[in-house]
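# A structural walkthrough
Listed here are the chains, written in short residue letters.
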Amino acid sequence: MLVVFNIILFILVLVVILFVITRMVVIVRQGEVKVVESFGKYVRTIDPGLHFLIPILYNVRRKVSLKQTPIQIPPQSVITRDNVIVEIDEAIKYHVTDARAFVYDNEDSVTSMIQDCQSNLRGIIGKMELNEVLNGTEEINLSLYESVKDITAGYGLSIDRINIGEISVSDEIVNSMNKLITASRDKESLITISEGKKQSVILESEAKASEMQIDAEARAKQTKIDAEARAERTKIDADAEAARIAKITEAETARIKAVNQVIAESNLTDEMIAYLGIEAFKHVVENNANTVIMPSNLTEVGNVPIVKELWDKTSQQK
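Calculation notes
Residues numbered from 1 in each chain as written. Predicted model: local features only at pLDDT ≥ 70, side-chain atom pairs only at ≥ 80, totals over all residues. Heavy atoms only, no water. Helix = DSSP H or I, 4+ residues; strand = E, 2+ residues; numbered from the N terminus. Buried < 20%, exposed > 50% of the residue type's maximum accessible area, 1.4 Å probe, protein only. Contact = heavy atoms within 4.5 Å. Areas by Shrake-Rupley, 256 points an atom, 1.4 Å probe, with all protein chains shown as cover. Phe/Tyr/Trp six-rings, centres within 6.5 Å; stacked < 30°, edge-to-face > 60°. Pairing = 2+ DSSP bridges. Axes fitted to C-alpha atoms, helices over the stretch in contact; angles between N-to-C directions. Salt bridge = Lys/Arg side-chain N within 4 Å of Asp/Glu carboxyl O. Lys, Arg positive; Asp, Glu negative; His and termini not counted. Expected span 1.5 Å × (residues − 1). Bend = angle between axes of the 7 residues up to and from the residue. Core = buried A, V, L, I, M, F, W, Y, C linked by side-chain atoms within 4.5 Å. Polar contact = N/O pair within 3.5 Å; in protein donor to acceptor, adjacent residues only side chain to side chain.

The helix and strand tally for the protein chain stands at 8 helices and 8 strands. Split into buried and exposed, the 318 residues of the protein chain put 20% on the buried side. Sequence-distant contacts in the protein chain: of pairs separated by 6 or more residues, those separated by 24 or more amount to 63%. For the protein chain, the exposed area adds up to about 23,300 Å²; of that, 58% sits on carbon and sulfur atoms.

Next comes the structure, spelled out in structure tokens:
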């Protein structure tokens, strides 16, 4: 009987020792910490590794993960500045930065973070019109992050990123927006066409004006060239005619000198000279290639010996 009692006692003591040992040894995994209390009071936060705690005096209150944690917030209805109701969902990524504040400063830090995000999102959307909301998700993300990061830091959380997900509006609003977009595009199209026609008319007018100016300048230049050419041709013709007349005059002078010399050397009488003059004048008149030069004063014709003689003979015959 005593032996059985001793065995039972030994087993009880062994169980107590094993229990105490298991309560003394605390293992903290990588990426998490544990909060230690002593009789309900925060003592410290232990980091990853093997730790030993005195049972009864110390106990682990809570294990806290330090890893980045994603969470999807259910869609919420918000009203824009132009009184359109839209449904928006959010995705948040956060991590714990202060385990003590996360455990003790807020009863449910994650729920508080979600509520803060929803509340601030309503305030941000309420200041924007529908078109701004639909086209400004990045701006909304940034504004929401800036508005809640300091609040969540107060209870040990840090928001790494906020993403606005799907934005839903009623079918009626979608149809109205499509009509508005279509009207706006039609208006822009008409404006573009009108501007194109206007520019085309302007360019065409400028082209015609430029063409007319070029034609006028070309005609003026051609007229100048033609006038210079005519002047040069007239000058050349005048010089040629003057040269021809000079040569004819020179030749005639030389011929007269030669004739006078021959007459002087031939000892002809006046009658013979007159006869020869008449015959020469007759030959000159009959030749179409010659020009007969008469005195400007016809009363002087009688002074020409040949003509005088002809006049005398005509008078006698009468």
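Counting across every chain of the model gives 1 aromatic pair. Between Y42 and Y104 the ring centres are 5.6 Å apart and the planes differ by 70°, which places this aromatic pair in the edge-to-face class. Of the two residues, Y42 is situated in strand β3 (residues 41-46) and Y104 in helix α2 (residues 99-104); the sequence distance between them amounts to 62 residues. What makes Y42 partly exposed here is its relative accessible area of 29%.

A separate point is the sheet that holds strand β8 (residues 157-168). Strand pairing in a sheet relies on backbone hydrogen bonds. The paired strands run either parallel or antiparallel. The 3 strands are arranged β6-β7-β8 in an open sheet whose pairing can be described as antiparallel. The open sheet is flanked by β6 (69-79) and β8, the only strands paired with a single partner. Across the sheet, the axes of successive neighbouring strands diverge by a mean angle of 25°, strand direction being ignored. Both strand β7 (residues 85-96) and β8 contribute to a ladder of 9 bridges, which runs antiparallel. Note on β8: the bridge partner recorded for E90 is I164. In the packing of helix α3 (residues 109-125) onto the sheet, the strands contacted are β6, β7 and β8, and the crossing angle to β6 comes to about 35°. Helix-sheet contacts for helix α5 (residues 137-153) involve β7 and β8, and the interaxial angle to β8 is about 145°.

To continue, consider the pattern of salt bridges. Proximity of charged atoms lets side chains of opposite charge pair with each other. A complete count under the given rule lists 6 salt bridges for this structure. Between R244 and E241 there is a salt bridge, with its nearest N and O atoms 2.5 Å apart. Here R244 pairs with E241, and both are found in helix α6 (residues 171-266), just 3 residues apart, close to one helical turn. Taking the relative accessible area as the measure of exposure, R244 reaches 42% and is therefore partly exposed.

Attention shifts here to the side chain of E32. Note that E32 resides in strand β2 (residues 32-38). The charged side chain of E32 is buried without a salt bridge, its nearest counter-charge being K63 at 4.0 Å. Ignoring anything within four residues of it in the chain, the contact list for E32 reads P48, K63, V64, S65 and L66.

For α5, which comprises 17 residues, the first-to-last C-alpha distance of 24 Å matches the rise-based estimate of 24 Å (1.5 Å per residue) to within 8%. The sharpest bend along α5 reaches about 30° and sits at S147. Next to the buried residues of α5 lie β7, α3, α4 (130-135) and β8.

Core analysis: the biggest nonpolar cluster contains 33 residues, and V64, I88, M113, C117 and I140 have the highest contact counts within it. Breaking this core down by element, the ones donating at least two residues are β2, β6, β7, α2, α3, α4, α5 and β8. If one sorts the elements of this core by residue count, α3 sits on top with 7 residues. What C117 contacts, discounting residues up to four positions off in sequence, is I73, E90, I92, L144, V148, I159 and I162.

Below, the discussion takes up the sheet that holds β3. The sheet built from 3 strands is open, its strands ordered β3-β2-β5 with antiparallel pairing. Each having just a single partner strand, β3 and β5 (59-65) make up the two edges of the open sheet. Averaged over all adjacent pairs, the angle separating strand axes in this sheet is 25°, with direction ignored. Of the strand pairs in this sheet, β2 and β3 are connected by 5 bridges, and their pairing is antiparallel. Each residue of the ladder has a partner; that of E37, found in β3, is Y42.

Even without a glycine there, the phi angle at F39 is positive, about 55°. The residue F39 is located in the loop between β2 and β3 in this model. Of the residues examined, F39 reaches a relative accessible area of 63% and is grouped as exposed.

For E166, the position within the fold is in strand β8. Residue classification places E166 among the exposed positions, given a relative accessible area of 54%. Taking C-alpha positions, E166 is 9.8 Å from T137, a pair spaced 29 residues apart along the chain. Excluding residues within four positions of it along the chain, E166 makes contact with E87, I88 and D89. Here S168 takes part through its side chain, which lies 3.4 Å from a polar atom of the side chain of E166.

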